[in-house]
Amino acid sequence: MKTVYCPVKKGRINGTDCMIVCDVADNMVKETVLPEGIIWNENQQKECLNCKYHYATEPDEDVLDN
């Protein structure tokens, strides 16, 4: 499965979990849906909003790692 580095998780994250974190950062869903182990606060929200992968729906293949 392809993953990217997530500054919120401080580790690798798959596309599904990344999208959930993005939705929380954009206040579309509540933080209760976050993947296990992610602690949410205002700093985490800023990290996500500034992440180069924030809502990268179709990133270039060379951006993702296997």
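For the structure, check the block above.
Residues numbered from 1 in each chain as written. Predicted model: local features only at pLDDT ≥ 70, side-chain atom pairs only at ≥ 80, totals over all residues. Heavy atoms only, no water.

## Focus: the pairing of strand 2 (residues 11-14)
Sheet topology places strand 1 (residues 3-6) next to strand 2; 4 bridges connect them, and they run antiparallel. Looking at the pairing, Y5 lines up with R12 of strand 2. A loop of 4 residues connects strand 1 with strand 2, the two strands running antiparallel in sequence, and K10 in this loop sits at a positive phi of about 60 degrees. (Pairing = 2+ DSSP bridges. Helix = DSSP H or I, 4+ residues; strand = E, 2+ residues; numbered from the N terminus.)

## Re the nonpolar core
Membership of the largest hydrophobic core comes to 15 residues, with the highest contact counts inside it found for V8, I13, V21, L34, I38, W40 and C48. At the level of secondary structure, the elements contributing two or more residues to this core comprise strand 1 and helix 1 (15-25). Those residues in contact with V21, other than ones at most four positions away along the chain, are V8, I13, L34, P35, I38, W40 and C48. (Core = buried A, V, L, I, M, F, W, Y, C linked by side-chain atoms within 4.5 Å. Buried < 20%, exposed > 50% of the residue type's maximum accessible area, 1.4 Å probe, protein only. Contact = heavy atoms within 4.5 Å.)

## What about helix 1?
All buried positions along helix 1 are accounted for by C18, V21, C22, D23, V24 and A25. Tucked into the core, helix 1 has its buried residues touching strand 2 and helix 2 (42-49). The backbone nitrogen of T16 has a side-chain oxygen 3.0 Å away, supplied by the residue at the start of helix 1, namely N14. At the C-terminal side of helix 1, N27 shows a positive phi close to 60 degrees. (Polar contact = N/O pair within 3.5 Å; in protein donor to acceptor, adjacent residues only side chain to side chain.)

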